[in-house]
Amino acid sequence: MVHVNLLKKWVYVLLAFLVVLTICLWKETRKAYVFPTEENPTEQVYVIRGKGSIPKQQNTHKTVNDTNTVFWSMKVSQVKIKKYITVTQAGSNLVTNPKKPAGSKKVWNKNSSSKNLIPRLQKVRENYLAMNKYHVNYTGIRHAAKLSPEKLLCQLREQLNFQMIQASDGPFSASEWKAYLPRKSISMELGQLGRCAVVSSAGSMKSSRLGPEIDSHDAVLRFNGAPTRGFQGDVGEKTTIRLINSQLLTVEEQKVIMDEQYNSGILIVWDPAPYHADIYQWYKKTDYNFFSSYKMYRDKHPEQPFYILNPYMQWQLWDILQENSPEDIQPNPPSSGMLGIVIMMHLCDTVDVYEFLPSRRQTDICHYFQKFFDQACTMGGYHPLLFEKNMVKHLNQGTDEDIYTHGKVTLNGLRNVQC
């Protein structure tokens, strides 16, 4: 009788162990999923999700989302690839080789679509499409297939009217403007530029240690109120051009006039105009009435070059973005980031753009100098940012390794393009 009870106890223990083991295995298979990468549609990233960690391997990397869930990912293939990784299905054991295959970094996919947006941002995009504040009525063509980078560069060169406001431009020919608009063109002011840098304000610039590399360029463009003081190690300190929007100039007028970070180099201000409106229409109804602030700044700093971007260019650029996007993009002007990129492509032989395409340091922090979180700063809400990033990735002459480690894209300047 004693032996029978003991046997029953052992059976119960064994059954309990099998139940626990089954549950654990089921949970592990639920923690994994796969998705295709841009470099190879048959190649996949196997992602293990959880609050803990896994043993470190050279071909894994770690990211953290906005819920603080840790994601470890590694490249795998659906078939066995010699010297690399083998996997049969989600939950299978991985046999990895410590050497990474070339091009194994997961970076921005140039074919990203609105389906990649979180539901909130999908709704934001739909709302802007319905609102159509700038009365956009696009009647141009839509390319069924992507243009080659060479043809796209030619399109940018031939279709963008790169100009600053001049004294001969319509309402600006009035005598009241004579003392304010710069006498030299921006090209004459800067001369021939070789290697240039465009430094985004993205939160992922923080802890990048890119400052010395950025400062090694012939010219550096920054945006709005992005500071260098206190962040030199990450973003550098050289500022050749600062592109600001009319809202900043209007709302923070006194700060822009008095803060020394605005008072060196060259300033360019831009303001959204109605879709392909003529210059008189825009002059009468700017998005922000920045003209008085502009004149006040020029009175205070008459020797500093301060240009007004001709509003034609923003919508010419928008048309090119829409023509090369398979779906409707937000009917709002391109971002300051994209405008700054094409400005430097006009002025320089080559342009290195930092953290416009996110690196391994990608974060939902909007700016490296603030603690404001919003995924729209990376994926786009008001501006058609997602589609801008697709174009920049398509034009990239650098490597995916540069994007992954430095957030750096290298673009050809437009003046040397053979069309």
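See the structure shown above.
Residues numbered from 1 in each chain as written. Predicted model: local features only at pLDDT ≥ 70, side-chain atom pairs only at ≥ 80, totals over all residues. Heavy atoms only, no water.

Caption draft 1: Quick look at the packing of aromatic side chains. Applying the stated rule across the entire model yields 21 aromatic pairs. Between the aromatic rings of tyrosine 297 and phenylalanine 306, the centroid separation amounts to 5.1 Å while the plane-to-plane angle is 80 degrees, which identifies the pairing as edge-to-face. Here phenylalanine 306 falls in the buried class, since its relative accessible area comes to 0%. Each member of the aromatic cluster is reached from another via a ring pair, and the members are Phe172, Trp177, Tyr180, Trp282, Tyr283, Phe290, Phe291, Tyr294, Tyr297 and Phe306. Arginine 242 extends its terminal NZ or CZ atom over the ring of tyrosine 262, reaching a point 5.6 Å from the ring centre. Just above the ring of tryptophan 108 sits the side chain of lysine 389; from NZ or CZ to the centre is 5.7 Å. (Phe/Tyr/Trp six-rings, centres within 6.5 Å; stacked < 30°, edge-to-face > 60°. Buried < 20%, exposed > 50% of the residue type's maximum accessible area, 1.4 Å probe, protein only. Lys NZ or Arg CZ within 6 Å of the ring centre and 35° of its normal.)

Caption draft 2: Inspection of helix H12 (residues 336-347) at higher detail. Compared with an ideal rise of 1.5 Å per residue, which puts 12 residues at 16 Å, H12 spans 17 Å between its outermost C-alpha atoms and is within 8% of the ideal. Burial within H12 is extensive, with 12 of its 12 residues counted as buried. Considered for burial, the residues of H12 that qualify are Ser336, Gly337, Met338, Leu339, Gly340, Ile341, Val342, Ile343, Met344, Met345, His346 and Leu347. (Helix = DSSP H or I, 4+ residues; strand = E, 2+ residues; numbered from the N terminus. Expected span 1.5 Å × (residues − 1).)

Caption draft 3: Local environment of the nonpolar core. Within the largest apolar cluster, 86 residues are counted, with the highest numbers of intra-cluster contacts made by Ile268, Tyr294, Ile308, Met344 and Leu347. Here the element with the most residues in this core is H12; it accounts for 8 residues. Once residues within four sequence positions are removed from consideration, methionine 344 is found in contact with Cys196, Ala197, Val198, Ala219, Leu221, Ile241 and Val351. (Core = buried A, V, L, I, M, F, W, Y, C linked by side-chain atoms within 4.5 Å. Contact = heavy atoms within 4.5 Å.)

Caption draft 4: Quick peek at the pattern of salt bridges. Scanning the model with the defined rule gives 12 salt bridges in all. Note that aspartate 328 is salt-bridged to arginine 142, the shortest N-O span being 2.6 Å. Placement of aspartate 328 in the loop between helix H11 (312-323) and H12 and of arginine 142 in the loop between helix H2 (119-131) and helix H3 (149-159) is noted, with a sequence separation of 186 residues between them. Exposure remark for aspartate 328: the relative accessible area of 37% places this residue in the partly exposed category. Note on arginine 142: relative accessible area 39%, which makes it partly exposed. (Salt bridge = Lys/Arg side-chain N within 4 Å of Asp/Glu carboxyl O.)

Caption draft 5: Just the state of the cysteines, in detail. With the rule as written, the count across this model stands at 2 disulfides. Residue pairing for cysteine 154: its cysteine sulfur links by disulfide to cysteine 419, the two sulfurs lying 2.2 Å apart. Between cysteine 154 and cysteine 419, the S-S dihedral sits near -110 degrees, and the bridge is therefore left-handed. You can see cysteine 154 sitting in helix H3 and its partner cysteine 419 sitting in the segment after strand E11 (408-412), a full 265 residues away along the chain. For cysteine 419, a relative accessible area of 56% corresponds to the exposed category. (Disulfide = S-S within 2.5 Å.)

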